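What follows is the residue order along each chain.
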Amino acid sequence: MSLRLLLPENGVTDLLTSWPDEPRVYERGKTALDEVASAEVIRGYVFRGCVPAEEIAIVKAPNPSLNQKAFTTDGRADRAKLARLYESGHTIRLGNLQRVIPAMAQVSRDIQQETGYSNYIHTFLTPPANQGLRHHWDQQMAVIVQIAGTKRWQLWEPPVEAPMREHNESWRVWRDHYISTWEAAGPDMEVDLQPGQSLLVPRGWVHNPHVVTDEDSIHLTFAIRERTPMWLVEKLVADAIEDPEFRRIILPGDITGGALVERLREARQALRRHLDSLNVDDLVPAVRQMALTELEYST
(Lines give C-alpha, C1' and ligand atoms only; values in the text may rest on other atoms or scores of the structure.)
Protein backbone atom coordinates (compact mmCIF):
# COMPACT_ATOMS: atom_id res chain seq x y z
CA MET A 1 0.00 0.00 0.00
CA SER A 2 1.39 3.39 -0.96
CA LEU A 3 -0.17 5.01 2.10
CA ARG A 4 2.34 3.03 4.14
CA LEU A 5 5.08 4.98 2.41
CA LEU A 6 3.68 8.13 4.01
CA LEU A 7 2.36 6.88 7.33
CA PRO A 8 2.91 4.12 9.88
CA GLU A 9 0.31 1.39 10.21
CA ASN A 10 -1.79 3.27 12.79
CA GLY A 11 -1.81 6.35 10.55
CA VAL A 12 -3.02 4.33 7.58
CA THR A 13 -5.77 2.84 9.76
CA ASP A 14 -6.80 6.31 10.95
CA LEU A 15 -7.10 7.56 7.39
CA LEU A 16 -9.02 4.61 6.02
CA THR A 17 -11.41 4.15 8.95
CA SER A 18 -12.02 7.58 10.48
CA TRP A 19 -10.46 10.28 8.26
CA PRO A 20 -9.30 12.54 11.14
CA ASP A 21 -10.68 16.05 11.39
CA GLU A 22 -7.83 17.34 13.59
CA PRO A 23 -4.09 17.47 12.82
CA ARG A 24 -2.03 14.47 13.87
CA VAL A 25 1.69 13.74 13.88
CA TYR A 26 2.99 10.25 13.11
CA GLU A 27 6.40 8.65 13.41
CA ARG A 28 6.78 7.36 9.88
CA GLY A 29 10.35 6.18 10.04
CA LYS A 30 12.17 5.50 6.80
CA THR A 31 10.48 3.94 3.77
CA ALA A 32 11.13 3.48 0.07
CA LEU A 33 9.75 7.01 -0.39
CA ASP A 34 12.98 8.37 1.10
CA GLU A 35 14.89 6.84 -1.79
CA VAL A 36 12.73 7.94 -4.73
CA ALA A 37 12.16 11.41 -3.23
CA SER A 38 15.32 12.01 -1.24
CA ALA A 39 16.64 15.50 -0.62
CA GLU A 40 19.34 14.86 -3.23
CA VAL A 41 16.81 13.74 -5.83
CA ILE A 42 14.53 16.72 -5.24
CA ARG A 43 17.39 19.23 -5.31
CA GLY A 44 18.55 17.62 -8.54
CA TYR A 45 15.19 18.20 -10.20
CA VAL A 46 15.22 21.84 -9.11
CA PHE A 47 18.77 22.92 -9.68
CA ARG A 48 19.42 20.93 -12.85
CA GLY A 49 16.42 22.47 -14.59
CA CYS A 50 14.45 19.23 -14.92
CA VAL A 51 11.01 20.55 -13.96
CA PRO A 52 8.66 22.30 -16.42
CA ALA A 53 8.38 26.00 -15.62
CA GLU A 54 4.60 25.80 -15.29
CA GLU A 55 5.00 23.42 -12.34
CA ILE A 56 7.25 25.82 -10.40
CA ALA A 57 6.17 28.52 -7.97
CA ILE A 58 8.54 30.87 -6.15
CA VAL A 59 7.45 32.78 -3.06
CA LYS A 60 8.92 34.54 -0.06
CA ALA A 61 6.57 35.71 2.68
CA PRO A 62 4.92 38.13 2.97
CA ASN A 63 5.10 38.75 -0.78
CA PRO A 64 3.03 37.05 -3.50
CA SER A 65 4.46 34.44 -5.85
CA LEU A 66 6.90 35.70 -8.47
CA ASN A 67 6.11 35.97 -12.14
CA GLN A 68 7.54 33.12 -14.24
CA LYS A 69 9.88 35.56 -15.94
CA ALA A 70 11.82 35.77 -12.68
CA PHE A 71 13.03 32.17 -12.98
CA THR A 72 12.80 31.31 -16.69
CA THR A 73 14.80 31.98 -19.85
CA ASP A 74 13.07 31.52 -23.19
CA GLY A 75 10.12 29.98 -21.36
CA ARG A 76 12.15 27.26 -19.65
CA ALA A 77 13.19 26.94 -16.02
CA ASP A 78 16.60 28.57 -15.56
CA ARG A 79 18.55 26.68 -12.91
CA ALA A 80 20.92 29.60 -12.26
CA LYS A 81 18.01 31.95 -11.60
CA LEU A 82 16.37 29.36 -9.37
CA ALA A 83 19.57 28.98 -7.37
CA ARG A 84 19.91 32.75 -6.91
CA LEU A 85 16.30 33.07 -5.77
CA TYR A 86 16.73 30.23 -3.31
CA GLU A 87 19.90 31.79 -1.91
CA SER A 88 17.99 35.05 -1.42
CA GLY A 89 15.43 33.31 0.82
CA HIS A 90 12.71 32.27 -1.61
CA THR A 91 10.83 29.00 -1.23
CA ILE A 92 10.67 26.85 -4.36
CA ARG A 93 7.58 24.74 -4.89
CA LEU A 94 7.63 21.96 -7.45
CA GLY A 95 4.06 21.09 -8.31
CA ASN A 96 2.47 17.84 -9.46
CA LEU A 97 5.40 15.48 -9.00
CA GLN A 98 3.08 12.73 -10.17
CA ARG A 99 3.47 14.27 -13.65
CA VAL A 100 7.25 14.58 -13.48
CA ILE A 101 8.68 11.62 -11.56
CA PRO A 102 7.52 8.15 -12.68
CA ALA A 103 7.85 6.67 -9.18
CA MET A 104 5.65 9.43 -7.75
CA ALA A 105 3.09 8.83 -10.50
CA GLN A 106 2.86 5.25 -9.30
CA VAL A 107 2.49 6.33 -5.67
CA SER A 108 -0.30 8.72 -6.65
CA ARG A 109 -2.15 6.04 -8.61
CA ASP A 110 -1.77 3.54 -5.79
CA ILE A 111 -3.18 6.00 -3.25
CA GLN A 112 -6.23 6.45 -5.45
CA GLN A 113 -6.67 2.70 -5.66
CA GLU A 114 -6.48 2.47 -1.87
CA THR A 115 -8.83 5.35 -1.09
CA GLY A 116 -10.95 6.09 -4.16
CA TYR A 117 -9.67 9.68 -3.91
CA SER A 118 -7.70 11.52 -6.58
CA ASN A 119 -4.59 13.30 -5.36
CA TYR A 120 -1.53 15.31 -6.30
CA ILE A 121 1.97 15.71 -4.89
CA HIS A 122 3.94 18.91 -4.36
CA THR A 123 7.34 19.45 -2.79
CA PHE A 124 8.56 22.60 -1.06
CA LEU A 125 12.20 23.67 -0.59
CA THR A 126 12.63 26.45 1.96
CA PRO A 127 15.97 28.07 2.89
CA PRO A 128 17.09 28.41 6.54
CA ALA A 129 15.12 30.86 8.70
CA ASN A 130 12.71 31.70 5.88
CA GLN A 131 9.09 31.23 4.85
CA GLY A 132 7.23 30.69 1.61
CA LEU A 133 3.45 30.62 1.96
CA ARG A 134 1.83 32.36 4.91
CA HIS A 135 -1.43 31.57 6.70
CA HIS A 136 -3.98 29.78 4.53
CA TRP A 137 -6.12 26.67 4.43
CA ASP A 138 -6.60 24.01 1.79
CA GLN A 139 -9.64 22.31 0.27
CA GLN A 140 -8.54 18.74 0.97
CA MET A 141 -6.58 16.59 3.40
CA ALA A 142 -2.83 17.07 3.23
CA VAL A 143 -0.31 14.50 4.36
CA ILE A 144 2.95 16.35 5.00
CA VAL A 145 6.08 14.20 4.81
CA GLN A 146 9.25 15.88 6.06
CA ILE A 147 12.26 14.85 3.97
CA ALA A 148 15.06 17.09 5.25
CA GLY A 149 15.52 19.74 7.92
CA THR A 150 12.80 20.90 10.30
CA LYS A 151 9.72 22.96 9.51
CA ARG A 152 7.50 24.58 12.11
CA TRP A 153 3.77 24.28 11.49
CA GLN A 154 1.48 26.65 13.36
CA LEU A 155 -2.13 25.46 13.07
CA TRP A 156 -5.50 26.99 13.81
CA GLU A 157 -8.97 25.45 13.76
CA PRO A 158 -10.96 25.98 10.55
CA PRO A 159 -12.63 29.40 10.21
CA VAL A 160 -15.03 27.93 7.60
CA GLU A 161 -16.98 24.70 7.39
CA ALA A 162 -16.06 21.88 5.00
CA PRO A 163 -14.24 23.78 2.22
CA MET A 164 -14.51 21.97 -1.11
CA ARG A 165 -13.42 22.88 -4.64
CA GLU A 166 -14.17 26.61 -5.09
CA HIS A 167 -16.48 26.69 -2.05
CA ASN A 168 -14.90 28.44 0.97
CA GLU A 169 -11.46 28.72 -0.64
CA SER A 170 -9.04 30.84 1.37
CA TRP A 171 -8.71 33.66 -1.13
CA ARG A 172 -12.43 33.77 -1.94
CA VAL A 173 -13.62 34.30 1.64
CA TRP A 174 -10.53 35.92 3.12
CA ARG A 175 -10.93 38.60 5.79
CA ASP A 176 -8.28 41.25 6.46
CA HIS A 177 -8.39 40.64 10.20
CA TYR A 178 -7.69 36.92 10.01
CA ILE A 179 -3.91 36.93 10.46
CA SER A 180 -3.83 39.52 13.24
CA THR A 181 -6.55 37.64 15.10
CA TRP A 182 -4.78 34.30 14.76
CA GLU A 183 -1.41 35.75 15.76
CA ALA A 184 -2.89 37.47 18.81
CA ALA A 185 -4.57 34.27 19.99
CA GLY A 186 -1.62 32.02 19.19
CA PRO A 187 -1.86 28.72 17.35
CA ASP A 188 -4.14 25.93 18.49
CA MET A 189 -1.31 23.53 17.73
CA GLU A 190 2.37 23.90 16.90
CA VAL A 191 4.57 21.18 15.42
CA ASP A 192 8.26 21.15 14.59
CA LEU A 193 8.15 18.47 11.90
CA GLN A 194 11.34 16.49 11.42
CA PRO A 195 12.54 13.85 8.94
CA GLY A 196 10.86 10.53 9.62
CA GLN A 197 7.65 12.26 10.71
CA SER A 198 4.38 12.95 8.90
CA LEU A 199 1.66 15.46 9.68
CA LEU A 200 -2.01 15.22 8.76
CA VAL A 201 -3.55 18.63 8.04
CA PRO A 202 -7.31 18.18 7.46
CA ARG A 203 -9.09 20.49 5.03
CA GLY A 204 -9.91 23.90 6.43
CA TRP A 205 -7.22 23.92 9.12
CA VAL A 206 -5.21 27.13 8.87
CA HIS A 207 -1.47 26.54 8.64
CA ASN A 208 1.50 28.87 8.77
CA PRO A 209 4.62 26.82 7.95
CA HIS A 210 8.10 28.28 8.24
CA VAL A 211 11.72 27.38 8.96
CA VAL A 212 13.18 28.65 12.25
CA THR A 213 16.46 26.73 12.15
CA ASP A 214 19.70 27.22 10.23
CA GLU A 215 18.96 24.20 8.01
CA ASP A 216 17.19 23.93 4.68
CA SER A 217 13.77 22.27 4.81
CA ILE A 218 12.29 19.95 2.20
CA HIS A 219 8.87 18.38 2.54
CA LEU A 220 6.35 16.60 0.35
CA THR A 221 2.66 17.46 0.41
CA PHE A 222 0.29 14.69 -0.62
CA ALA A 223 -3.04 16.46 -1.22
CA ILE A 224 -5.83 13.89 -1.13
CA ARG A 225 -9.17 15.09 -2.50
CA GLU A 226 -12.01 13.58 -0.52
CA ARG A 227 -15.11 12.31 -2.29
CA THR A 228 -18.30 13.90 -0.94
CA PRO A 229 -22.07 13.52 -1.33
CA MET A 230 -21.85 16.30 -3.92
CA TRP A 231 -19.62 14.04 -6.01
CA LEU A 232 -22.22 11.26 -5.75
CA VAL A 233 -24.98 13.68 -6.75
CA GLU A 234 -23.02 14.56 -9.87
CA LYS A 235 -22.86 10.88 -10.77
CA LEU A 236 -26.60 10.45 -10.17
CA VAL A 237 -27.48 13.22 -12.60
CA ALA A 238 -24.72 12.54 -15.15
CA ASP A 239 -26.96 10.41 -17.39
CA ALA A 240 -29.91 12.77 -17.26
CA ILE A 241 -28.80 14.27 -20.58
CA GLU A 242 -29.87 11.03 -22.28
CA ASP A 243 -33.49 12.04 -21.60
CA PRO A 244 -34.72 14.51 -24.27
CA GLU A 245 -36.63 16.33 -21.52
CA PHE A 246 -33.31 17.72 -20.28
CA ARG A 247 -32.14 18.75 -23.76
CA ARG A 248 -35.11 20.83 -24.88
CA ILE A 249 -34.56 24.53 -25.49
CA ILE A 250 -35.63 27.09 -22.92
CA LEU A 251 -36.72 30.18 -24.84
CA PRO A 252 -34.84 33.43 -24.21
CA GLY A 253 -38.09 35.08 -23.18
CA ASP A 254 -38.63 32.41 -20.52
CA ILE A 255 -35.21 33.09 -19.04
CA THR A 256 -35.55 36.87 -19.01
CA GLY A 257 -39.26 36.95 -18.17
CA GLY A 258 -41.67 35.71 -15.56
CA ALA A 259 -41.88 32.17 -16.95
CA LEU A 260 -38.48 31.25 -15.49
CA VAL A 261 -39.98 30.11 -12.20
CA GLU A 262 -42.21 27.65 -14.05
CA ARG A 263 -39.29 26.32 -16.07
CA LEU A 264 -37.42 25.77 -12.82
CA ARG A 265 -40.37 23.84 -11.36
CA GLU A 266 -40.55 21.70 -14.49
CA ALA A 267 -36.84 20.96 -14.35
CA ARG A 268 -37.11 20.02 -10.68
CA GLN A 269 -39.96 17.63 -11.46
CA ALA A 270 -38.00 16.09 -14.33
CA LEU A 271 -35.02 15.65 -12.04
CA ARG A 272 -37.16 13.91 -9.45
CA ARG A 273 -38.48 11.52 -12.08
CA HIS A 274 -34.95 10.82 -13.26
CA LEU A 275 -33.67 10.09 -9.77
CA ASP A 276 -36.66 7.91 -8.92
CA SER A 277 -36.06 5.86 -12.07
CA LEU A 278 -32.50 4.95 -11.12
CA ASN A 279 -31.58 1.54 -9.78
CA VAL A 280 -28.87 2.55 -7.34
CA ASP A 281 -27.59 -1.00 -6.95
CA ASP A 282 -26.84 -1.09 -10.67
CA LEU A 283 -24.82 2.13 -10.42
CA VAL A 284 -22.43 0.90 -7.73
CA PRO A 285 -19.82 -0.79 -10.00
CA ALA A 286 -19.59 2.18 -12.37
CA VAL A 287 -19.38 4.76 -9.58
CA ARG A 288 -16.72 2.75 -7.77
CA GLN A 289 -14.70 2.51 -10.97
CA MET A 290 -14.96 6.27 -11.45
CA ALA A 291 -13.69 6.81 -7.91
CA LEU A 292 -10.66 4.69 -8.67
CA THR A 293 -9.81 6.36 -11.97
CA GLU A 294 -11.36 9.82 -12.22
CA LEU A 295 -9.02 12.77 -11.75
CA GLU A 296 -10.54 15.99 -10.49
CA TYR A 297 -9.45 19.50 -11.46
CA SER A 298 -6.22 19.36 -13.47
CA THR A 299 -4.55 16.54 -11.55
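Residues numbered from 1 in each chain as written. Predicted model: local features only at pLDDT ≥ 70, side-chain atom pairs only at ≥ 80, totals over all residues. Heavy atoms only, no water.

Draft legend 1. Structural context of the overall build of the protein. Along its length, the protein carries 12 helices and 12 strands. Counting over 299 residues, the protein shows a buried share of 47%. Accessible area for the protein stands at about 15,600 Å²; split by element, carbon and sulfur atoms hold 52% of it. Of note, the protein has its 33 positive side-chain charges centred 5 Å away from the centre of its 42 negative side-chain charges. (Helix = DSSP H or I, 4+ residues; strand = E, 2+ residues; numbered from the N terminus. Buried < 20%, exposed > 50% of the residue type's maximum accessible area, 1.4 Å probe, protein only. Areas by Shrake-Rupley, 256 points an atom, 1.4 Å probe, with all protein chains shown as cover. Lys, Arg positive; Asp, Glu negative; His and termini not counted. Charge placed at Lys NZ, Arg CZ, Asp CG, Glu CD.)

Draft legend 2. Region of interest: the sheet that holds strand β7 (residues 141-148). Taken together, seven strands build an open sheet; the order of strands is β1-β10-β7-β12-β6-β5-β2 and the sheet is antiparallel. With partners counted over all chains shown, the strands left at the sheet margins are β1 (24-27) and β2 (56-59), one partner each. On average, adjacent strands in this sheet sit at an angle of 20° to one another, irrespective of strand direction. Across the sheet, helix α5 (residues 79-87) is in contact with β2, β5 (91-94) and β6 (119-126); its angle to β2 comes to roughly 30°. (Pairing = 2+ DSSP bridges. Axes fitted to C-alpha atoms, helices over the stretch in contact; angles between N-to-C directions. Contact = heavy atoms within 4.5 Å.)

Draft legend 3. Broad picture of the pattern of salt bridges. Summed over the entire model, instances satisfying the criterion amount to 15 salt bridges. Where Glu-266 meets Arg-263, a salt bridge forms, and the shortest distance between an N and an O atom there is 2.9 Å. Of this pair, Glu-266 and Arg-263 both sit in helix α11 (residues 260-277), three residues apart, which is roughly one turn of the helix. On the basis of relative accessible area, Glu-266 is assigned to the partly exposed category, the value being 25%. The class of Arg-263 is buried, set by a relative accessible area of 18%. Ionic contacts of the salt-bridge type, sharing partners, join the residues Glu-245, Arg-248, Asp-254, Arg-263 and Glu-266 into one network. (Salt bridge = Lys/Arg side-chain N within 4 Å of Asp/Glu carboxyl O.)

Draft legend 4. Focus on a negative patch on the surface. Taken together, Asp-21, Glu-22, Glu-157 and Asp-188 make up a surface patch of like negative charges. Take Asp-188: it is sitting in the loop between α8 (178-185) and β9 (189-193). (Patch = residues over 30% accessible without salt bridge, like charges linked within 9 Å, V, L, I, M, F, W, Y side chains within 5 Å.)

Draft legend 5. Main features of the environment of Val-100. Inspection of the secondary structure puts Val-100 in the loop between β5 and α6 (102-115). With 29 residues separating them along the chain, Val-100 and Ala-129 place their C-alpha atoms 29 Å apart. When residues no more than four places from it in sequence are discounted, the contact partners of Val-100 are Tyr-45, Cys-50 and Pro-52.

Draft legend 6. Highlighting the nonpolar core. By size, the foremost hydrophobic cluster in this structure holds 42 residues, and its most contacted members are Leu-6, Leu-33, Ile-56, Met-104, Val-143, Leu-220 and Phe-222. If one sorts the elements of this core by residue count, β7 sits on top with five residues. With residues near it in sequence (within four places) discarded, Leu-220 still touches Leu-33, Ala-37, Ile-42, Leu-97, Met-104, His-122, Thr-123, Val-143, Ile-144, Val-145 and Ile-147. By size, the runner-up hydrophobic cluster in this structure holds nine residues, among which are Ala-142, Ile-144, Trp-153 and Leu-155. (Core = buried A, V, L, I, M, F, W, Y, C linked by side-chain atoms within 4.5 Å.)

Draft legend 7. The packing of aromatic side chains, seen in detail. Counted by the stated rule, this structure contains eight aromatic pairs. The interplanar angle of 70° and the centroid separation of 6.0 Å between the aromatic rings of Trp-137 and Tyr-178 together place this pair among those described as edge-to-face. On the criterion of sequence distance, the pair formed by Trp-137 in the loop between β6 and β7 and Tyr-178 in helix α8 is long-range, its members being 41 residues apart. Put simply, the rings of Trp-137, Trp-156, Trp-174, Tyr-178 and Trp-182 pair up and form one aromatic cluster. Sitting above the plane of the Trp-231 ring, Arg-227 keeps its charged end 4.6 Å from the centroid. (Phe/Tyr/Trp six-rings, centres within 6.5 Å; stacked < 30°, edge-to-face > 60°. Lys NZ or Arg CZ within 6 Å of the ring centre and 35° of its normal.)

Draft legend 8. Inspection of the sheet that holds strand β8 (residues 151-156) at higher detail. The three strands lie next to each other as β9-β8-β11, forming an open sheet whose pairing is antiparallel. Either end of the sheet is taken by a strand with one partner, and the two such strands are β9 and β11 (206-210). Averaged over all pairs of adjacent strands, the angle between their axes in this sheet comes to 20°, without regard to strand direction.

Draft legend 9. Structural context of the environment of Ala-184. Position of Ala-184 relative to the elements: it lies in helix α8. When its relative accessible area of 71% is taken as the criterion, Ala-184 is described as exposed. Here the alpha-carbon distance between Ala-184 and Leu-5, two residues 179 residues apart in the chain, equals 37 Å.

Draft legend 10. Here's a closer look at the pairing of β11. When you tally the buried positions in β11, you get five out of five residues, the bulk of the element. In β11, alternate side chains face the same way, and those of Val-206, Asn-208 and His-210 on one face and His-207 and Pro-209 on the other are all buried. In this sheet, β11 lies alongside β8 in antiparallel orientation, the contact comprising five bridges. Counted as the bridge partner of Leu-155 is His-207 from β11.

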